[in-house]
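Residue-level listing of the chains:
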Amino acid sequence: MGMKLLVNAGRGFRVDLEGIRGVGLLVILFSHLIEWPKGGFVALDLFFVLSGYLITGLIIREHQRTGTIDLFAFYRRRTRRLAPAATVVVVVTVLVGFLVFPLVRAVSILWDGVWAMLLVANWNFALNNTDYFATWLPQSPLLHYWSLAVEEQFYLLWPALILAGVWLVHRRARRRPALRYAGVIGVIIAVTVVSLAWSVFQSATHPQVAYLSTLTRAWELGAGA
């Protein structure tokens, strides 16, 4: 019975979770536009938790149906869902940057766009010591791609880790079905605990990097998983 509680049996549109996402999005937008509510950026943590929950559920349901995880099909679905809109926004922003800003700033935005398209925008901003909360300074118009990069990196690695977790116990699971996803649970716990510990440490030593780092955000996705 416990194993059945791991995932939702349905595969349809989740109105409840999309509603939570919608509220979270409004909180983040208002927080950026008028700096209210204070601490509204915490809604982003909620997005990561929900992503961990939804994506892990999709992966586990596929394994339950087919006995395997088609990594290429998973990557293709994620790319088809995210890439078109993300690409259009990057291209339009870069073009407008060359029309509006001085050449040096426009070129900087261009490079931000390149990093965004390579799915590592967060590391670009972290390496440049970007202070996400320094709203009084000129910020990249593509700064918000840092969170999308974290999710995309999660999408890239997580299915393989889940599959590895399944294979860890696949022989014993043949004789004891209750152990079928014990390896997956072990992987999730390990990733979550290590990431949380690193998040606490780096938040105290390098808070600007910690806010943008995939390594310090993985525990939130793991919590959702």
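Heads up: the structure comes first, above all this text.
Residues numbered from 1 in each chain as written. Predicted model: local features only at pLDDT ≥ 70, side-chain atom pairs only at ≥ 80, totals over all residues. Heavy atoms only, no water.

Draft legend 1. Geometry of the overall build of the chain. A tally of helices and strands in the chain yields 10 helices and 0 strands. Order of helices (α) and strands (β) in the chain, N terminus to C terminus: α-α-α-α-α-α-α-α-α-α. C-alpha atoms of the chain, sized along the principal axes, occupy 65 × 35 × 30 Å. When the 225 residues of the chain are sorted by exposure, 39% land in the buried category. Look at the contacts in the chain between residues 6 or more apart in sequence, and 66% of them connect residues 24 or more apart. Treating the 20 positive side-chain charges of the chain as one cloud and the 11 negative ones as another, the clouds have centres 15 Å apart. (Helix = DSSP H or I, 4+ residues; strand = E, 2+ residues; numbered from the N terminus. Buried < 20%, exposed > 50% of the residue type's maximum accessible area, 1.4 Å probe, protein only. Contact = heavy atoms within 4.5 Å. Lys, Arg positive; Asp, Glu negative; His and termini not counted. Charge placed at Lys NZ, Arg CZ, Asp CG, Glu CD.)

Draft legend 2. Quick look at helix α6 (residues 145-168). With 24 residues, α6 extends 35 Å from end C-alpha to end C-alpha; this agrees with the ideal 34 Å at 1.5 Å per step. Of all the bends found along α6, the most pronounced is centred on Leu157 and spans about 30 degrees, while Pro159, a proline, follows it within four residues. (Expected span 1.5 Å × (residues − 1). Bend = angle between axes of the 7 residues up to and from the residue.)

Draft legend 3. Structural view of a nonpolar patch on the surface. A surface patch of nonpolar side chains, about 870 Å² in accessible area, is lined by Phe98, Leu103, Val107, Leu110, Trp111, Val114, Trp115, Leu118 and Leu127. No other element matches the 6 residues that helix α4 (residues 103-117) contributes to the nonpolar patch. Within the fold, Leu127 resides in helix α5 (residues 121-127). In this structure Leu127 comes out as exposed when scored by relative accessible area, which is 63%. (Patch = residues over 30% accessible without salt bridge, like charges linked within 9 Å, V, L, I, M, F, W, Y side chains within 5 Å. Areas by Shrake-Rupley, 256 points an atom, 1.4 Å probe, with all protein chains shown as cover. Salt bridge = Lys/Arg side-chain N within 4 Å of Asp/Glu carboxyl O.)

Draft legend 4. Up close: the layout of surface pockets. Its boundaries defined by the atoms lining it, the second largest pocket holds a volume of some 280 Å³. Lining the second largest pocket are 16 residues, with Arg78, Thr79, Ala83, Leu119 and Glu152 positioned closest to its centre. When residues of the lining of the second largest pocket are traced back to their parent elements, those giving at least two are α3 (71-100), α4 and α6. Counting residues per element, the lining of the second largest pocket draws most heavily on α3, at 8 residues. Of the residues contributing to the lining of the second largest pocket, the split by class is 12 nonpolar, 2 polar and 2 charged. (1 Å grid on protein atoms, 1.4 Å probe; cavity = no way out; pocket = protein on both sides within 12 Å on 5 of 7 lines; lining within 4 Å. Points joined across faces, edges and corners; volume = space filled by probe spheres on them. Nonpolar A, V, L, I, M, F, W, Y, C, P; charged D, E, K, R; others polar.)

Draft legend 5. Inspection of the environment of Phe72 at higher detail. If you trace the backbone, Phe72 turns up in helix α3. In the structure, Phe72 is positioned 125 residues away from Ala197 in sequence and 32 Å away in space, judged by C-alpha atoms.

Draft legend 6. Focus on the nonpolar core. Leu44, Ile59, Tyr145, Trp146, Ile162 and Val184 are the most contacted members of the largest nonpolar core, which totals 38 residues. The set of elements that each furnish at least two residues to this core consists of α2 (42-66), α3, α4, α5, α6, α8 (182-205) and α9 (207-212). At 10 residues, the largest contribution of residues to this core is made by α6. The residues touching Trp146, leaving out its near neighbours within four places in the chain, are Leu44, Phe48, Ala121, Asn122, Phe125, Tyr132, Tyr211, Leu212 and Arg217. (Core = buried A, V, L, I, M, F, W, Y, C linked by side-chain atoms within 4.5 Å.)

Draft legend 7. Spotlight on unusual backbone geometry. Each neighbour pair has its own omega, and for Trp36 with Pro37 the value is 0 degrees, a cis peptide bond. In this structure, Pro37 sits in the loop between α1 (15-34) and α2. Backbone geometry places Leu119, a non-glycine residue, at a positive phi of 70 degrees. Positionally, Leu119 belongs in the loop between α4 and α5. Among the residues examined, Leu119 registers a relative accessible area of 33% and is labelled partly exposed.

Draft legend 8. Structural view of the side chain of Glu152. Summarising the element assignment, Glu152 is placed in helix α6. Among buried Asp, Glu, Lys and Arg side chains, Glu152 stands out as unpaired, with Arg78 the closest opposite charge at 10 Å. In this structure, Glu152 is in contact with Leu82 and Leu119, ignoring residues within four places of it in sequence.

Draft legend 9. Looking closely at the packing of aromatic side chains. Evaluated as defined, the whole model comprises 12 aromatic pairs. Between Tyr132 and Phe133, the aromatic rings sit 5.4 Å apart at their centres with planes inclined by 85 degrees, giving edge-to-face as the arrangement. The class for Phe133 is partly exposed, based on a relative accessible area of 39%. Considering the side-chain rings of Trp146 and Tyr211, the 5.2 Å spacing of their centres and the 50 degrees angle between planes classify their relative orientation as tilted. Placement of the pair is Trp146 in helix α6 and Tyr211 in helix α9, with a sequence separation of 65 residues. With respect to class, Trp146 is no different from Tyr211; both count as buried. Grouped by ring-pair contacts, the aromatic residues Phe41, Phe48, Tyr132, Phe133, Trp146 and Tyr211 constitute a single cluster. (Phe/Tyr/Trp six-rings, centres within 6.5 Å; stacked < 30°, edge-to-face > 60°.)

Any functional reading would require information that these geometric values do not contain.
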